[in-house]
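This is what each chain is made of:
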Amino acid sequence: MVAAAQHPQIQVITYAEVEQVAGYVGNFQVTIRKKARMVDATKCTGCGTCWEKCPTKVDSEFDLGLGKRKAIYIPFPQAVPAVPVIDKEHCRQFTKGKCGVCQKVCPTKAIDYEQQDEVVTESFGAIVVATGYELFPWEQVYGEYGYGRYPDVITGMHFERMNSASGPTGGKIVRPSDGKEPKTVVFIKCVGSRDEAKGKSYCSRACCMYTAKHAHQVLEKIPGAQAIVFYMDVRTPGKAYEEFYSRTVHEGAVYVRGRVSRIYQEGDKLIVCGEDTLLGRQVTVAADLVVLATAMVPSRGWEELAKMLGLATDKDGFFQEAHPKLRPVETYTAGVFIAGACQGPKDIPDTVAQASGAAVKVCQLLSKDEMATDPMISTVDENLCSGCGLCQPVCPYKAIDMKTITERVAGKTVARRVASVNMGLCQGCGSCTVVCRSGALNLRGFTNEQILAEVDAACL
Amino acid sequence: MKRVGVFVCHCGTNIASVVDVKRVAEAARSFPGVVFATDYQYMCSDPGQELIRKTIKEQRLNRVVVASCTPRLHEPTFRKTLESAGLNPYLLEMANIREQCAWVHAKDKEGATIKAIELVRVAVAKACLNAPLKPSTIPITKRALVIGAGIAGMQAALDIADAGYEVVLLDREPTIGGNMVKLDKTFPTLDCSA
């Protein structure tokens, strides 16, 4: 993280979103909205006085509600950049119109309540999409786990935050309901994954391993604790993965093959009812904490980004690679590459490998000063073009513009409009040639004459 | 004067077990403009491409029709073959007699063969009107945008930047790091994720 932030060739822009993408491979114009932080990043030193003094406390999104943050905040202590943002929905200055504490205490006068979003357009030769994943909203469909009603039924990501030394509990595993250390922790795998009825058909690929890690952490951190894992299969296809899982089992984690049918609260215990399909009998566990291994789903906003970049997606919203085996980081849009979980669920080693792959593809492109374009694109015969403009709206690549030309007619100079094809944008689909009434547009390599010759050969 | 050469591929048994390739080549010889037609086991292989190159020179071909698989697979291959024989690569035409014939009409050998002959006839007619084309060039902005600054975005940005190119690493959250920085230790080595 720090390496990326400090690299002289990398400009980090956070709290910003892509709003529009124009252009084509080698020449993209990307419009970026830098959302107003209400803090002048050039003046802020990240001293932290503002968030220490801010009187408003809100649930921390970064800690998934397990901890609190202020209305002016950085998501976590090691955040990069260490420039806070003001959460306008909760800040009193914005909700009630008075407060101003952060502005008063800021030693560098960096707080600016009047700051506006900044919209910039920049040029790029290549784009890497690495928008990642988020977790399947299990609360909406898994009634048997309580629809999110029980505070001590949490996801693996909550568990990660508790384990983190800089997290809301300082690295201690506790029950969110009463802060007590759990003695019996139940893990349930495939929550949303491999469940066509309620979730997704695919395997999320990382859950078997992080659940093994979580079970190991329970046994390591809590003396005398019990870790019970309900699973469908244990999938450990990675280097040193099976060994890691075996180690967790040897440490005492109990793996029960079967699904959990119901969880309910009884006193301060969560009663977990399931089935052990290997022994063919019902299992009931009185647990203190239940951790769900929820499926990975594409990060919100994937539809908009797919539209902007012309990316195809699979049935679940993951971006489609150009070929499932041979072109795993390329997309159907030249110059746009994908890396990480936005292409499909994957773990960190696979993500890093794919990201390096995408980087090579980008370097391949950027290492050239210019690139050859496919010559099989549309051309305009300006003598025939009537300037009707019908071709413009049918072009899916926005490759046709109207331009004005001047010519001598009967001794006079006259100006008229004709269509003009952008070589970089035209993909040679031929849509324009079909609507062109005057036959002025022709696709090189698939001219009207060639197509008619084919028809003649087939029919005569 | 168009001098078309037709090269019919067996694709091992993919095509030849259904389509009578010899009959296709025989029929092709009678099409207007065709001066040469033959069949071969794997046209995309080195000897297959050499056959095309040799024939282009011997028969002074100025148009080439390859009847084989989908152009999505081997059009780039055969374009290079033409180029290496001194012909403009866009003087190539392909007839897809594998996906559009052999595979879909596997149970009707006679019908598949007749269709293959028709597809070659169509391809020859088009090839006669193929004109030499030249790719043009567009300049490249030597700058990359990485959308999303999680582990994937950071790794890609670092690799591109290390190669010497300018990178903008963008994230909608106030911090970079993505989901990865929320994780405590990571499997299988249990090292930290920061």
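Residues numbered from 1 in each chain as written. Chains lettered and ligands numbered in written order. Predicted model: local features only at pLDDT ≥ 70, side-chain atom pairs only at ≥ 80, totals over all residues.

Okay, the overall build of chain B next. If you tally the helices and strands in chain B, you get 6 helices and 9 strands. Taken against the 2.2 N^0.38 rule, which gives 16 Å for 194 residues, the C-alpha radius of gyration of chain B at 25 Å runs more than 25% over that of a compact globule. Judged by the C-alpha coordinates and their principal axes, chain B covers about 70 × 40 × 30 Å. Looking at chain B as a whole, 53% of its 194 residues qualify as buried. In chain B, of all internal contacts separated by at least 6 residues, the share reaching a separation of at least 24 is 65%. (Helix = DSSP H or I, 4+ residues; strand = E, 2+ residues; numbered from the N terminus. Rg over C-alpha atoms; globule rule 2.2 N^0.38 Å. Buried ≥ 20, exposed ≤ 12 C-beta atoms within 10 Å, placed from the backbone. Contact = placed C-beta atoms within 7 Å.)

This paragraph deals with the sheet that holds strand 14 (residues 254-257) of chain A. All names here are of chain A. With parallel pairing, 5 strands are arranged side by side in an open sheet as 11-18-12-13-14. Across the chains shown, the open sheet's two edge strands, defined by having one partner strand only, are strand 11 (153-155) and strand 14. Neighbour to neighbour, the strand axes of the sheet diverge by 25° on average, direction disregarded. Here strand 12 (residues 184-191) runs beside strand 13 (residues 226-231); their pairing, made up of 5 bridges, is parallel. Residue pairing in the sheet places T184 in a bridge with Q226 of strand 13. The strands touched by helix 6 (residues 207-221) are strand 12, strand 13 and strand 18 (289-294); relative to strand 12, the strand with the most contacts, the crossing angle is about 175°. (Pairing = 2+ DSSP bridges. Axes fitted to C-alpha atoms, helices over the stretch in contact; angles between N-to-C directions.)

Here we come to the confidence of the model for chain B. When pLDDT is averaged along chain B, the result is 95; 99% of the residues meet or exceed 70. Interface confidence for the predicted complex, given as ipTM, is 0.90, next to a pTM of 0.83. (pLDDT = per-residue confidence, 0-100.)

Residue and element names in this part refer to chain B. The strand order across the open sheet formed by 4 strands is 2-1-3-4, and the pairing between neighbours is parallel. For this open sheet the edge positions go to strand 2 (34-40) and strand 4 (92-96), each flanked by a neighbour on one side alone. The sheet shows a mean angle of 15° between the axes of neighbouring strands, taken without regard to direction. Inspection of the sheet shows strand 1 (residues 4-9) paired to strand 3 (residues 63-68) by 5 bridges, in the parallel sense. In the sheet register, G5 faces strand 3, and the bridge partner there is V64. Each of strand 1, strand 2 and strand 3 touches helix 1 (residues 21-28); the most contacted strand, strand 2, lies at about 175° to it.

The omega torsion of the bond from V80(A) to P81(A) falls at -5°, within 30 degrees of zero and hence cis. Inspection of the secondary structure assignment puts P81(A) in the loop between strand 6 (72-73) and strand 7 (85-86). With an omega of -10°, the peptide bond running from F187(B) to P188(B) counts as cis. The phi dihedral of Y15(A) falls on the positive side, at around 55°, and the residue is not glycine. Relative to the helices and strands, Y15(A) resides in the loop between strand 1 (10-13) and strand 2 (16-24). The phi angle at Y147(A) is positive, at roughly 50°, despite the residue not being glycine. Topologically, Y147(A) is positioned in the loop between strand 10 (133-135) and strand 11. A residue is classified by how many C-beta atoms lie within 10 Å of it, and Y147(A), with 13 of them, is partly exposed.

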